[in-house]
Structure formats: C-alpha cells, structure tokens
Amino acid sequence: PFDAGTADDFVLPASPLCRWTVTGVQWAGKYWVNATPGDINGFRIVFWEDDGGTPRGGGASSPNLAVAIASYDISGSASETSLGADAYSYEATLPEGVELLPDVRYWIQIQALAEYPPQWGLHITHTRQGTGPVQYFDLLGLPAWTPVPDDGDIAFRLLGSPQDLLCDDGNACTADTCANGQCA
C-alpha cells in the first residue's frame, strides 16, 4: 500500500468499571489528486500507546507495528458513504475488540490501503481536543510521527462499551480498586 498515515490521540472517559472494549470505529475522509471513490482496497486501523505526546513506535520512515497495542487490516470499502463535497464516512467492526483503560492517553491510526492514485486522507475537524494529529509520509521524507500543521483533529468515533475486569480472587474490579488494569 501507499505508505503514509495519520494518528490522533484520545482518552476514554472514566467508568465505574476498569476497562473499555473498543469493537468498532467510524471516521470521515476524502479523496484528492485524480482519485475516484471506491479505489481503496481496505483500511489499516492501529491502536498505539502514548510515548510522551506521540504514538509509540515512531522515529523511522514508517511506524513499528510490532509495538502497537493492536493492528487490524479491514478489507473492502468500510461502508464508504458520500457526505457531499468530496467527503465520505466510513465504519468498521474490528475482528476482535481491543481492551483499553479509562483516563489513559492512546492513539488511533487509520490508513487507507491503496496504490497511488488515489490519494486519500482523513477529514480534519476545526477544533482540537488533546494533542494534535501526527503523520508519516515516506515519499516526502516525513518520519513517524511528524505533527500535522493544522489546528484540528481527525474526525473519528470509537464504538464499544465499558467492561468488568476480574481480580485474581474472581471479584469484579471497579474504578476505585483498579490500578493500571490490575485490582489493587
């Protein structure tokens, strides 16, 4: 695939339970440069730990997927739906849920899997929450993770729910007894 990608940070809200299970993702993107909708073969969705304000695994021409929390290659168009003005919405159910803790900064990367053309990118919002998005683009010499020169965030939504985490004694863990995913 065309090796370029963008990631943005997120923090799951506090919950009376110890973890969240993310089971799907919705996002918005657009085509440009001689592109036709439907030219994408699939998408790669990657979840990263935070590494001092950028996703873990950066510094090289492309990120080190071996250190990702989870990486999913989603085949097909991810239910590509036109929003008008060359913008499209997408949705994917993850093959298996990824378990994440509340109140911890994580990063999500959504990458189109396609040969050039098309050129496709994530939609950038007009507001920012948390740290701004970062990118890599080996063709332009931008290593992972170079800040995106924009004041917004990428447009995405996580789908999932809070879940119990069982302690070694079989009792449910709550936010009051949970420390780094383990019962205190």
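Residues numbered from 1 in each chain as written. Predicted model: local features only at pLDDT ≥ 70, side-chain atom pairs only at ≥ 80, totals over all residues. Heavy atoms only, no water.

Is there a simple way to explain the overall build of the protein in this structure?
In terms of regular secondary structure, the protein is built from 0 helices and 15 strands. Looking at the protein alone, contacts between residues at least 24 apart form 77% of all its contacts between residues at least 6 apart. For the protein, the exposed surface amounts to about 9,400 Å²; the carbon and sulfur share of it is 48%. (Helix = DSSP H or I, 4+ residues; strand = E, 2+ residues; numbered from the N terminus. Contact = heavy atoms within 4.5 Å. Areas by Shrake-Rupley, 256 points an atom, 1.4 Å probe, with all protein chains shown as cover.)

What am I meant to see in the packing of aromatic side chains here?
Two descriptors summarise a pair of aromatic rings, namely the distance from one centre to the other and the angle between the planes of the rings. This structure, assessed with the given rule, holds 12 aromatic pairs. An angle of 75° between the planes, with centres 6.2 Å apart, marks the rings of Phe10 and Phe156 as edge-to-face. Linking Phe10 in strand 1 (residues 4–11) with Phe156 in strand 11 (residues 156–163), this pair joins segments that are 146 residues apart in sequence. Phe10 sits in the buried class, given a relative accessible area of 8%. You can call Phe156 partly exposed: its relative accessible area is 21%. Where Tyr31 meets Tyr88, the ring centres are 5.5 Å apart and the plane angle is 85°; that geometry is what we call edge-to-face. Here Tyr31 is found in strand 2 (residues 19–32), whereas its partner Tyr88 is found in strand 6 (residues 87–100), with 57 residues between them in sequence. Assigned by exposure class, Tyr31 and Tyr88 land together as buried. Three or more aromatic residues joined by ring pairs form one cluster here, namely Phe10, Phe47, Tyr72, Tyr106 and Phe156. (Phe/Tyr/Trp six-rings, centres within 6.5 Å; stacked < 30°, edge-to-face > 60°. Buried < 20%, exposed > 50% of the residue type's maximum accessible area, 1.4 Å probe, protein only.)

Please clarify how the side chain of Thr21 should be interpreted in this entry.
Position of Thr21 relative to the elements: it lies in strand 2. Judged by relative accessible area, Thr21 falls into the buried class, the value being 13%. Excluding its chain neighbours within four sequence positions, the residues that come into contact with Thr21 are Gly97, Val98, Glu99, Leu159, Gly160, Ser161 and Gln163.

How should I be thinking about a nonpolar patch on the surface in this particular structure?
Together, Trp32, Val33 and Tyr116 make up an exposed nonpolar region whose accessible area comes to about 280 Å². Counting through the fold element by element, Tyr116 comes out in the loop between strand 7 (105–113) and strand 8 (119–122). (Patch = residues over 30% accessible without salt bridge, like charges linked within 9 Å, V, L, I, M, F, W, Y side chains within 5 Å. Salt bridge = Lys/Arg side-chain N within 4 Å of Asp/Glu carboxyl O.)

Looking at this structure, how should I read the layout of surface pockets?
Over the atoms a probe the size of a water molecule is rolled, and this reveals where empty space is left. For the largest pocket, the calculated volume is near 520 Å³. Around the largest pocket sit 25 residues that line it, and Thr6, Trp32, Trp120, Gly121 and Leu122 are the ones nearest its centre. Sorting the residues of the lining of the largest pocket by element identifies strand 1, strand 2, strand 7, strand 8 and strand 9 (134–137) as the ones contributing at least two each. Residue contributions to the lining of the largest pocket peak at 4 residues, all from strand 8. Classifying every residue of the lining of the largest pocket gives 16 nonpolar, 7 polar and 2 charged. Taken as a whole, the second largest pocket holds about 310 Å³ of empty space. In this structure, the second largest pocket is lined by 22 residues; those nearest its centre are Asp9, Phe10, Val11, Gln129 and Phe156. Elements that contribute at least two residues to the lining of the second largest pocket include exactly strand 1, strand 2 and strand 11. When residues of the lining of the second largest pocket are assigned to their parent elements, the largest contribution, 5 residues, is made by strand 11. Grouping the amino acids of the lining of the second largest pocket by side-chain chemistry returns 10 nonpolar, 6 polar and 6 charged. (1 Å grid on protein atoms, 1.4 Å probe; cavity = no way out; pocket = protein on both sides within 12 Å on 5 of 7 lines; lining within 4 Å. Points joined across faces, edges and corners; volume = space filled by probe spheres on them. Nonpolar A, V, L, I, M, F, W, Y, C, P; charged D, E, K, R; others polar.)

I'm lost on the nonpolar core in this one. Help?
One broad rule of soluble globular proteins: the nonpolar side chains tend to lie buried together. Within the largest apolar cluster, 29 residues are counted, with the highest numbers of intra-cluster contacts made by Trp27, Phe43, Ile45, Phe47 and Trp120. Counting only elements with at least two residues in this core, the list comes to strand 2, strand 3 (42–49), strand 4 (70–75), strand 6, strand 7 and strand 8. Considering each element in turn, this core owes the most residues, 6 residues, to strand 6. Core analysis: the second largest hydrophobic core is formed by 9 residues, Ala7, Trp107, Val134 and Ala144 among them. (Core = buried A, V, L, I, M, F, W, Y, C linked by side-chain atoms within 4.5 Å.)

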